[in-house]
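# Analysis of the macromolecular model
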There are 2 protein chains.
Amino acid sequence: MTQRKVISFDTIRVACKNCSLSQLCLPMGLAQEDIERLDSIIKRSRPLHRGDHLFRGGERFRSLYVVKTGSVKTYAPSEEGGEQVLGFHLPGEIIGLDAIDKSCHACSAKVLETSAICEVPFQRFEELAASIPSLQHQMYRLLSKEIGQDADMLLLLGKKNAEERLAAFLTSMSSRLSKRGLSPTDFYLSMSRHEIGSYLGLAVETVSRLFTRFQEDGLLRVDRKHVEVLNLPALEMMAGSAPSSTHQQRSN
Amino acid sequence: MTQRKVISFDTIRVACKNCSLSQLCLPMGLAQEDIERLDSIIKRSRPLHRGDHLFRGGERFRSLYVVKTGSVKTYAPSEEGGEQVLGFHLPGEIIGLDAIDKSCHACSAKVLETSAICEVPFQRFEELAASIPSLQHQMYRLLSKEIGQDADMLLLLGKKNAEERLAAFLTSMSSRLSKRGLSPTDFYLSMSRHEIGSYLGLAVETVSRLFTRFQEDGLLRVDRKHVEVLNLPALEMMAGSAPSSTHQQRSN
DNA sequence: ATTGACGCTTGATGCATGTCAACTTGAGTT
DNA sequence: AACTCAAGTTGACATGCATCAAGCGTCAAT
């Protein structure tokens with residue numbers, strides 16, 4: 001993710017109307033004046049650093065968070081230090097939507113690299129949305145999109161084998177980065193192999209072996225966190241519901 | 001699910017204000033008059049029968065659907081007839097939330113048994129919600145709840161073994177039925193073993209073997225679709241993130 | 001009752017992937 | 001540079017569950 005660009009403090013404090021993400025984020029489809037009203041309720045703190053938490057499971061829900069720069073992971077912590085990674089969040093993506101229902105966070109959110117985050121106090125947001133139909137609509141869309149993505153993930157975990165899972169992860173990263181104006185074929189992953197494995201329901205070792213294999217097969221060039229995709233169509237093919245080779249498994 | 005009760009045609013046509021589900025469903029928290037406004041936009045068709053579709057993947061999104069009686073499955077159809085079951089929906093639960101974003105259904109919804117369904121035209125609903133803050137809030141809560149449940153499911157598919165999955169499925173059914181005034185320990189499953197397997201990411205045979213084993217272990221009494229839970233606490237323990245026995249697997 | 005189709009169960013076998021262990025590499029610290 | 005520690009890689013081995021195959025109960029239609 002980290003595209004090695006220098007970020008000035010001014011850059012991260014930009015208002016929504018000047019933010020390059022506005023077409024992916026809450027302001028999408030809003031009139032200029034409504035964007036400014038939205039802007040007025042958003043809190044922008046100084047950048048957070050790797051390992052900082054936006055919130056932890058069990059805490060009271062007050063705000064949604066939007067990634068402005070950097071990346072964040074959400075995860076469900078379990079007793080013995082184990083954790084299930086639930087998602088990786090790139091700029092423009094909203095975090096905390098699952099907590100509206102119980103007004104309490106069920107998962108934790110941790111910053112993966114130095115990141116700028118917009119905080120959206122939910123109660124004020126809700127009041128605002130009631131008076132701006134297009135904002136309300138956009139919020140429904142974003143909630144709905146999250147549900148759709150979770151369904152894709154259920155399909156991945158329920159039906160796909162290890163190879164298909166990693167291919168799906170890489171093509172998903174590729175397309176999301178591309179939407180944000182970054183290269184779809186050359187990027188840095190801000191998360192560890194362990195976190196990728198947890199997210200995909202695989203052991204670290206399996207992830208590692210697959211990276212090696214993909215490289216041997218000429219699909220990727222990998223150096224630590226740096227990934228160059230050499231054959232994106234092949235990866236996409238692999239990620240699709242098509243089975244890996246002649247023998248598919250889990251045809252249940 | 002089917003609790004073998006006779007359902008009159010009057011029963012299924014009841015207005016929201018007289019519906020026993022109103023505390024689980026959209027009307028929750030609404031004032032009497034607002035319930036009536038909501039009621040006025042809802043369409044109630046005659047009962048659907050096993051195998052009927054509410055909608056199919058690819059169709060244009062127009063309405064949300066709420067189960068009034070009976071049960072529905074949602075699934076992602078794949079080319080070769082294979083399908084991934086995404087969820088089972090009981091009375092009071094809303095179907096189609098994932099389609100708001102793309103205004104097009106990504107999955108299909110099929111009735112599992114004779115069922116009464118309320119149709120909620122979304123555009124009219126959205127207009128109504130804009131003028132009823134508590135309805136808007138309830139909608140946010142329902143969307144959020146769905147996201148939270150999907151996260152639970154990701155955890156199940158990512159980390160739990162077959163035994164834990166089936167135990168989680170059974171305890172979930174138990175508690176949901178219980179919330180609807182039915183027995184938490186004696187119920188009929190309206191879905192096939194195959195569908196349960198697909199939902200849980202397991203082969204039919206594995207599901208079948210587990211039912212047998214649970215019965216041998218005195219946790220259940222099973223006869224076809226009829227399940228009697230004999231030791232609910234034990235099932236809940238199993239379903240929790242606790243590993244099945246001394247050796248846990250997938251500690252990634 | 002007979003038939004056929006389908007869903008379910010049970011057993012035998014194999015494989016993908018988890019687990020364990022050892023080693024390598026890289027980044028940060030002194 | 002030397003040291004430390006976490007992260008990643010690779011190999012050897014173990015196993016849970018998918019797969020294949022066969023048989024059985026149930027239900028509906030005839």
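Residues numbered from 1 in each chain as written. Chains lettered and ligands numbered in written order. Predicted model: local features only at pLDDT ≥ 70, side-chain atom pairs only at ≥ 80, totals over all residues. Heavy atoms only, no water.

Below, the discussion takes up the overall build of chain A. Along the backbone of chain A there are eight helices and eleven strands. The burial tally for chain A puts 54% of its 252 residues in the buried class. Of the contacts made within chain A by residues no fewer than 6 positions apart, 74% connect residues no fewer than 24 positions apart. A total accessible area of about 11,200 Å² is found for chain A, and carbon and sulfur atoms account for 49% of it. (Helix = DSSP H or I, 4+ residues; strand = E, 2+ residues; numbered from the N terminus. Buried < 20%, exposed > 50% of the residue type's maximum accessible area, 1.4 Å probe, protein only. Contact = heavy atoms within 4.5 Å. Areas by Shrake-Rupley, 256 points an atom, 1.4 Å probe, with all protein chains shown as cover.)

Residues and elements named next belong to chain A. Strands sit in the order β9-β11-β10 across an open sheet of three strands; the sheet is antiparallel. For this open sheet the edge positions go to β9 (186-188) and β10 (220-223), each flanked by a neighbour on one side alone. Strand after strand, the sheet turns through a mean of 15° between neighbouring axes, direction not considered. Summarising the sheet, β10 and strand β11 (residues 226-229) pair through four bridges and their orientation is antiparallel. Among the inter-strand pairings, D223 is bridged to a residue of β11, identified as H226. Across the sheet, helix α7 (residues 204-216) touches β10 and β11, and the angle it forms with β10 is around 135°. (Pairing = 2+ DSSP bridges. Axes fitted to C-alpha atoms, helices over the stretch in contact; angles between N-to-C directions.)

Residues and elements named next belong to chain B. Within strand β3 (residues 63-69), seven of the seven residues are buried, leaving the element largely enclosed by the surrounding structure. Sheet analysis places β3 next to strand β8 (residues 116-121), joined by six bridges and oriented antiparallel. Within β8, the residue paired with L64 across the bridge is V120. Sheet topology note: the β3/strand β6 (residues 94-95) ladder contains two bridges and is antiparallel. Bridging across to β6, V66 finds its partner in I94.

With that settled, the discussion passes to the packing of aromatic side chains. In this description, a pair of aromatic rings is defined by centroid distance and the angle of the planes. All told, the structure shown has 15 aromatic pairs over all chains when counted by the stated rule. Among the aromatic residues, those joined into a cluster by ring pairs are F61, F122, F125 and Y140 of chain A together with F61, F122, F125 and Y140 of chain B. Residue placement shows R193 of chain B over the ring face of F211 of chain B; its charged tip is 4.2 Å from the ring centre. (Phe/Tyr/Trp six-rings, centres within 6.5 Å; stacked < 30°, edge-to-face > 60°. Lys NZ or Arg CZ within 6 Å of the ring centre and 35° of its normal.)

Residues and elements named next belong to chain A. When pLDDT is averaged across chain A, the result is 89; 89% of the residues are at 70 or more. When mean pLDDT is compared element by element in chain A, strand β6 (residues 94-95) scores highest at 97, while helix α1 (residues 9-12) scores lowest at 57. Confidence drops under pLDDT 50 across residues 1-7; counting only partners more than four residues distant or on other chains, this segment forms 20 contacts. Counted against residues more than four places away or in other chains, residues 242-252, with its pLDDT under 50, gives 22 contacts. (pLDDT = per-residue confidence, 0-100.)

Attention now goes to the relation of the copies chain B and chain A. Overlaying chain B on chain A yields an RMSD of 0.0 Å, the required transformation being a rotation through 180° with an accompanying axial translation of 0.0 Å. The relationship between the two copies is best expressed as a two-fold rotation axis. Mapped onto chain A, 100% of the interface residues of chain B again fall at the interface, so both copies present the same surface. (Least-squares fit on C-alpha atoms with pLDDT ≥ 70 in both.)

Next up on the list: α7 of chain A. Residues and elements named next belong to chain A. With 13 residues, α7 ought to run about 18 Å at 1.5 Å a step, and its terminal C-alpha atoms sit 19 Å apart, in line with that. Along α7, the residues that are buried comprise V207, L210, F211 and F214. Projection of α7 onto a plane perpendicular to its axis shows the buried side chains occupying an angular sector of 105°, all on one side. Exposed side chains of α7 directed beyond 90 degrees from the buried face belong to R209 and E216. At its buried positions, α7 is contacted by α5 (162-179), α6 (193-200), β10, β11 and α8 (232-239). (Expected span 1.5 Å × (residues − 1). Arc of directions from axis to C-beta.)

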